[in-house]
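# Coordinate inspection notes
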Amino acid sequence: MGSRGKGRTVLEVGADGVALITIINPPVNSLSFDVLYSLKDNFEEALRRNDVKAIVLTGAKGKFSGGFDITAFGGLQGGQKDESKPGFMSVEVITDIFEGTSKPSVAAIDGLALGGGLEVAMVCNARISTPNAQLGLPELQLGLIPGFGGTQRLPRLVGIAKALEMMLTSKPVKGQEACDLGLVDAIVSPDQLVSTARQWALDILERRRPWVVTLHKTDKLEPLGEAREMLKFARAQVRKQAPNLKHPLVCIDVVEEGIASGGRSGLWKEAEAFQALLHSDTSKSLIHIFFAQRGTSKVPGVTDRGLVPRRVTKVAVIGGGLMGSGIATALILSNYPVILKEVNDKFLQAGIGRVRANLQSRVKKGKMTQEKFEKTVSLLKGVLDYESFKDVDIVIEAVIEKVSLKQQIFADLEKYCPQHCILASNTSTIDLNLIGEKTKSHDRIIGAHFFSPAHVMPLLEIVRTNQTSPQVVVDLLEVGKKIKKTPVVVGNCTGFAVNRMFFPYTQAGLLLVERGADVYQIDRVITKFGMPMGPFRLADLVGFGVAIATGSQFIENFPERTYTSMIIPLMQEDGRAGESTRKGFYTYGDKRKASPDPELKKYIEKSRSISGVSIDSKLLKLSEKDIVEMIFFPVVNEACRVLAEGIAVKAADLDIAAVMGMGFPPYRGGILFWADLLGSKYIYSRLEEWSNIYGEFFKPCAYLAERAAKGASLSAPSKQANSRL
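The name that an unreviewed UniProt entry assigns to the chain is Peroxisomal fatty acid beta-oxidation multifunctional protein MFP2, with the source organism given as Prunus avium. Quoted verbatim from the Subcellular location (unreviewed entry) field of UniProt, the annotation for the chain is "Peroxisome". You can read under Pathway (unreviewed entry) in the UniProt record for the chain the words "Lipid metabolism; fatty acid beta-oxidation."

Attention now goes to the UniProt feature "domain: 3-hydroxyacyl-CoA dehydrogenase C-terminal" (unreviewed entry) in the chain. As recorded in UniProt, the sites labelled "domain: 3-hydroxyacyl-CoA dehydrogenase C-terminal" (unreviewed entry) are residues 495–588 and 627–708. Across residues 495–588 one finds 61% helix and 3% strand; the C-alpha atoms that close the span lie 29 Å apart. Secondary structure across residues 627–708 comprises 73% helix and 0% strand; the distance between its end C-alpha atoms is 22 Å.

What follows concerns helix H10 (residues 247–261). Taking 1.5 Å of rise per residue, 15 residues should cover 21 Å, and H10 covers 21 Å from first to last C-alpha, within 8% of that figure. Taken together, the buried positions of H10 are occupied by His247, Pro248, Leu249, Cys251, Ile252, Val254, Val255, Glu256, Gly258 and Ile259. As for H10, its buried residues are in contact with helix H5 (150–158), helix H6 (160–169), helix H9 (224–241), helix H11 (263–278) and helix H12 (281–295).

Bringing the sheet that holds strand E15 (residues 445–450) into the picture now. Taken together, the 8 strands give an open sheet; going across it, the order is E12-E11-E10-E13-E14-E15-E16-E17, and neighbouring strands pair in mixed fashion. Across the chains shown, the open sheet's two edge strands, defined by having one partner strand only, are strand E12 (380–383) and strand E17 (486–491). Averaged over all adjacent pairs, the angle separating strand axes in this sheet is 25°, with direction ignored. By the bridge criterion, 4 bridges tie strand E10 (residues 315–318) to strand E11 (residues 338–341) in an arrangement that is parallel. Pairing of Val317 across the sheet is with Leu340, part of E11. Strands in contact with helix H27 (residues 651–662) are strand E16 (459–464) and E17; relative to E17, the strand with the most contacts, it is inclined by about 125°.

All right, on to the nonpolar core then. As a rule of thumb, nonpolar side chains are buried together in soluble globular proteins. Grouped together as the largest cluster of nonpolar side chains are 100 residues, with contacts concentrated most on Phe389, Phe585, Phe632, Ile671 and Leu672. Among the elements that make up this core, the one with the highest residue count is helix H26 (residues 624–644) (12 residues). Taken together, domain 2 (315–492) and domain 3 (498–710) each give at least three residues to this core, which thus spans both. If near-sequence neighbours (up to four positions away) are discounted, Leu672 is found in contact with Val636, Ala639, Cys640, Leu643, Ala651, Leu654, Asp655, Leu714 and Ser715.

Before going further, it helps to examine the sheet that holds strand E3 (residues 54–59). Taken together, 6 strands build an open sheet; the order of strands is E1-E2-E3-E4-E6-E9 and the sheet is mixed. Edge positions in the sheet fall to strand E1 (8–13) and strand E9 (186–187), since each has one partner strand and no second. Pairing analysis gives 2 bridges linking strand E6 (residues 126–129) to E9, with the strands arranged parallel. If you follow Ser129 over to E9, its bridge partner there is Ile187.

Further remarks concern the packing of H10 against H11. With their axes 7 Å apart at the nearest point, H10 and H11 run at an angle of 160° to one another. Our classification of the angle between H10 and H11 gives roughly antiparallel. The two elements H10 and H11 meet at a crossing, and its hand is right-handed. Here H10 contributes His247, Val250, Asp253, Val254, Glu257, Gly258 and Ser261 to the contact with H11, which in turn contributes Gly263, Ser265, Gly266, Lys269, Glu270, Ala273 and Leu277. Its residues placed into classes, the contact of H10 with H11 shows 4 nonpolar, 6 polar and 4 charged.

Calculation notes
Residues numbered from 1 in each chain as written. Predicted model: local features only at pLDDT ≥ 70, side-chain atom pairs only at ≥ 80, totals over all residues. Heavy atoms only, no water. UniProt positions renumbered as here; feature names shortened; annotations may be inferred. Helix = DSSP H or I, 4+ residues; strand = E, 2+ residues; numbered from the N terminus. Expected span 1.5 Å × (residues − 1). Buried < 20%, exposed > 50% of the residue type's maximum accessible area, 1.4 Å probe, protein only. Contact = heavy atoms within 4.5 Å. Pairing = 2+ DSSP bridges. Axes fitted to C-alpha atoms, helices over the stretch in contact; angles between N-to-C directions. Core = buried A, V, L, I, M, F, W, Y, C linked by side-chain atoms within 4.5 Å. Domains from an automatic or database assignment. Parallel < 35°, antiparallel > 145°, perpendicular 65-115°, else oblique. Left-handed = near helix turned anticlockwise from the far one by under 90°. Nonpolar A, V, L, I, M, F, W, Y, C, P; charged D, E, K, R; others polar.

Structure (structure tokens):
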């Protein structure tokens, strides 16, 4: 949404006396400060000129406006840009000049009218739209509220309930629905758009159509008592669904102000609230995530070499288990023909069945028609040998985490696949050099690590070794884009970025529990912090088999800083393996609902006696803050190592990896962004203190120690890294 070059608006006056003002700021005509001031100048000129009777506002090249330029928020938050006084743009310019005009104005909307774009359109006396235009106010996704009068005008056009729904969910509506709601006045084809809007503006002038000032409109607003009930219900829903977020509640308060005290009073409250939210940690975090997500596909030394992605027309997936079937689903959903290979017919049919079930659930939810289902399923072909691998462009291996098996598969692939074929592994922890040890194709071996369920989770971790060719990385980035994943390119090591950063997550929990902390309290606190589930509920979901297999990789490679506990192996000996066996740290009933299990105590006590650890009275009464820090600071510490070793290109990539791979709350900005809000000195001192008491597991790494000594941020690239990039 950022602007390229200087945005502007142009004014053309037709023979009919209508001034056409066009917003020009590619790619989406965002409202940068340049555009807004140019719009103000052109509006004022149109009002001054005697040959102008009415005004039509539109956007160049089929897009009205994608909203306020988000790159400008960063400048405002960092204090690099002068802020005009709160309300200057929204009240004195948009309301008093644009809406308070003596000449009627009509917005001609095509493509996008989002955020500030829609707010400017709502100031006009009427709106004409194309059927496929998207209209919405998505500001809450950035921790903000609409700041150009949207909280006041949208309820007056579509009613309180629909306005709240549009703002709180950030979901846009299409032209036709917008017309049914009263947000736009007529729907026309793109080629009729501007001419219809011109005529409409003249009709308003001649009083053949009503001259509506949106801010003064009250017919869609419910009586105050009823309105307050609706707002009360909306607040209750927000508190339940997003207990850690303040800005949705602020949005509701601002809407209420306008209903209770009038639109102008609401505008001033909106301006004040917007300014305060802009400087909040939540908004800074969400805007950081917005840009970080868009930056993951830029990889220095790879994507800046002018390489063009090669065409991928056929993909093979080896293994039809949970991961393989999920990967196959993601690929056929994006129209890639897929060959699914299994070792025998029973496994193959089960794999194809899983893919069909994944698609069937989309049909049930109304996201896919039966006809589309049949067409999509027809892209999948099951095989038991490598015969049809002779013309595949990419193979993704998704079998169990067993080194010898993977090595055998890669040696076979080298024999059966064409020379150009990319050989990818979905391993989550095993070093790729080890997997490709028995091949000569190191330049085309790459990690394509999906997260479970693969057709739902948004992250794709692309792992390159020192030998992986840049062309192969570019090709996989393109596939990732086509299957609608956010790719993060990382280096090769045990656990790569996501699993390596988060291996201390469960281990920290086990360390605390062996010394007296409560399993269920830890999970409760971590969920309250904003994670989808705590470390123990997650271990149950993943399954103890996987937990032990991946854990052994970390013990082998990072022995000095892994915490080994016998709790999970002891439970596994008793046939408890997590959710799949209905017993792990929790027990699971018919509907897979997790319930605490009093039997857990005996495993903890037995483990404690084996490792010779005693209960620490301090850990019996940990505060919520202490629990969050003791679970997450070791994760921050490992993330620092991943960054220092160059496994990740930049800190922002690790933030996205944490949010999209592990469910770290986006409104906290990702693992390192959150850590920087607390400060490197503070994190270092806490880890140092715990490592003195509880050992090496908590020991701060050299990178963290060095940053803390300088009081520097963990995310800022070091001078050395800068010179490399």
